[in-house]
Amino acid sequence: ELIRGLIEQNFAADGVLGEEFGERPGSSGFRWILDPVDGTKSFVHGVPLFGTLIGLEHGDRPVLGVCRLPALNEVVYAAEGNGAWWQRGDDAPTRAQVTRTSKLSEALLSYTAVELFDRTHRRETFEALVHACHASRAWGDCYGHILVATGRADVMVDPIMNIWDCAPLLPILREAGGIYVDWTGAETIRGGDGISTTTRLKSAVLDLVHRTDTRPGAGRAP
């Protein structure tokens, strides 16, 4: 409610879409996409790996993203053409940058929960990724994607994503020198799933995903 109120005060013509309270249409061509608590299970259990997500799209193109991690006192934000920035505590912001890792065998994989792969019939893909990467950890939800954007992990894979889960991630990853795509390889926040990684690892990750994802209709983006 606070975020929505501030947007309405400052950008009255913009639309707003949120996980809570639905959508308010706008007339400016801009739409804010909100997820006040991404990582609800972490939040409920007192685990500090939850975030507040704010995305902005113009037309259908995501152009701005903010991920605030309040319990860690960190924020990562990006605007198209202005780079991605990472601020910890009261320190000055520094550029957020993905790693230069070029081999899956040297990569750190992050994910949210194994049961999400089971629920979407992608367990084979999950196990293949775990075996292909150097290490894997369940640092999930938005935090895993932010680890990639800030060079602390190399791959984050989510088999289930809503538009408010990923709206800010695409511009953040893009401006940090990486990519955010759906499982077909399309750069979109509307694919229903998501992968954050580096441009160097993109082909290897997508090749493995498409080789092991045997669900009907699964495959590459055209």
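Residues numbered from 1 in each chain as written. Predicted model: local features only at pLDDT ≥ 70, side-chain atom pairs only at ≥ 80, totals over all residues. Heavy atoms only, no water.

This brings us to the overall build of the protein. Each helix and strand counted, the protein has eight helices and 13 strands in total. Computed over C-alpha atoms, the radius of gyration of the protein comes to 17 Å, within 12% of the 17 Å expected from 2.2 N^0.38 for 222 residues, which places it in the range of a compact globule. Across the 222 residues that make up the protein, the buried fraction comes to 50%. In the protein, 54% of the contacts between residues at least 6 apart in sequence involve partners at least 24 apart. For the protein, the accessible surface area stands at approximately 10400 Å², while carbon and sulfur atoms represent 52% of it. The distance from the centre of the 22 positive side-chain charges to the centre of the 29 negative ones in the protein is 5 Å. (Helix = DSSP H or I, 4+ residues; strand = E, 2+ residues; numbered from the N terminus. Rg over C-alpha atoms; globule rule 2.2 N^0.38 Å. Buried < 20%, exposed > 50% of the residue type's maximum accessible area, 1.4 Å probe, protein only. Contact = heavy atoms within 4.5 Å. Areas by Shrake-Rupley, 256 points an atom, 1.4 Å probe, with all protein chains shown as cover. Lys, Arg positive; Asp, Glu negative; His and termini not counted. Charge placed at Lys NZ, Arg CZ, Asp CG, Glu CD.)

As a further point, take unusual backbone geometry. The phi dihedral of Asn73 is positive, around 55°, even though this residue is not glycine. Its place among the elements puts Asn73 in the loop between strand 5 (61-69) and strand 6 (74-79). Look at Asp141: it is not a glycine, yet its phi comes out positive at around 55°. Within the secondary structure, Asp141 sits in helix 5 (residues 141-149).

Turning next to the pattern of salt bridges. The final tally for this structure, using the stated rule, is 12 salt bridges. Where Glu80 meets Arg61, a salt bridge forms, and the shortest distance between an N and an O atom there is 2.5 Å. With a gap of 19 residues between them, Glu80 in the loop between strand 6 and strand 7 (84-88) and Arg61 in strand 5 connect regions that are remote in the sequence. The partly exposed category is assigned to Glu80, whose relative accessible area is 33%. Under the relative-accessibility criterion, Arg61 is labelled partly exposed at 41%. Within the structure, one salt-bridge network assembled from shared partners comprises Glu23, Arg31, Glu57, Asp60 and Arg190. (Salt bridge = Lys/Arg side-chain N within 4 Å of Asp/Glu carboxyl O.)

When its volume is computed, the largest pocket comes out at roughly 710 Å³. Forming the boundary of the largest pocket are 28 residues, of which Gly39, Lys41, Thr112, Leu116 and Asp141 lie nearest the centre. Broken down by secondary-structure element, the contributors of at least two residues to the lining of the largest pocket are strand 3 (30-38), helix 2 (40-44), helix 3 (114-119), helix 5 and helix 6 (163-166). Residues belonging to the lining of the largest pocket are distributed by class as follows: 11 nonpolar, eight polar and nine charged. (1 Å grid on protein atoms, 1.4 Å probe; cavity = no way out; pocket = protein on both sides within 12 Å on 5 of 7 lines; lining within 4 Å. Points joined across faces, edges and corners; volume = space filled by probe spheres on them. Nonpolar A, V, L, I, M, F, W, Y, C, P; charged D, E, K, R; others polar.)

Here we come to the sheet that holds strand 4 (residues 51-58). Across the sheet, eight strands lie side by side as 2-1-3-4-5-6-7-8; this open sheet has mixed pairing. Sheet topology places strand 2 (23-24) and strand 8 (94-95) at the edges, where each strand pairs with a single neighbour. Pairing of strand 6 with strand 7 involves five bridges; the strand directions are antiparallel. Directly across from Glu74, in strand 7, lies its bridge partner Arg88. Those strands touched by helix 5 are strand 3, strand 4, strand 5 and strand 6, and its axis lies near 105° from that of strand 5. (Pairing = 2+ DSSP bridges. Axes fitted to C-alpha atoms, helices over the stretch in contact; angles between N-to-C directions.)

Moving on, we get to the sheet that holds strand 12 (residues 178-181). Overall, mixed pairing links the five strands, which are arranged 10-9-11-13-12 in an open sheet. A strand with exactly one partner marks an edge of an open sheet, and here the two such strands are strand 10 (135-137) and strand 12. Here the average twist between neighbouring strands, direction ignored, is 15°. Here helix 5 sits on the sheet and contacts strand 9 (108-111), strand 11 (155-158), strand 12 and strand 13 (194-198); the angle it forms with strand 11, its principal contact strand, is near 150°. Along the sheet face, helix 8 (residues 202-212) touches strand 11, strand 12 and strand 13 and points at about 145° away from the line of strand 13.

Of the positions making up helix 4 (residues 123-132), those classed as buried are Thr125, Phe126 and Leu129. Angular distribution of buried residues about the axis of helix 4 spans 100°; they occupy a single face of the element. The elements touched by buried residues of helix 4 are strand 9, helix 3, strand 11 and helix 8. (Arc of directions from axis to C-beta.)

A separate point is the packing of aromatic side chains. Counting across every chain of the model gives five aromatic pairs. Note on Phe11 and Trp32: the rings are 5.5 Å apart at their centroids and 35° apart in plane angle, and the pair reads as tilted. With a gap of 21 residues between them, Phe11 in the loop between helix 1 (2-10) and strand 1 (15-18) and Trp32 in strand 3 connect regions that are remote in the sequence. A ring pair is formed by Tyr111 and Phe126, whose centres lie 4.9 Å apart and whose planes are at 75°; its orientation type is edge-to-face. You can see Tyr111 sitting in strand 9 and its partner Phe126 sitting in helix 4, a full 15 residues away along the chain. Here the two residues Tyr111 and Phe126 agree in accessibility, since each one is buried. Each member of the aromatic cluster is reached from another via a ring pair, and the members are Tyr111, Phe117, Phe126 and Trp183. (Phe/Tyr/Trp six-rings, centres within 6.5 Å; stacked < 30°, edge-to-face > 60°.)

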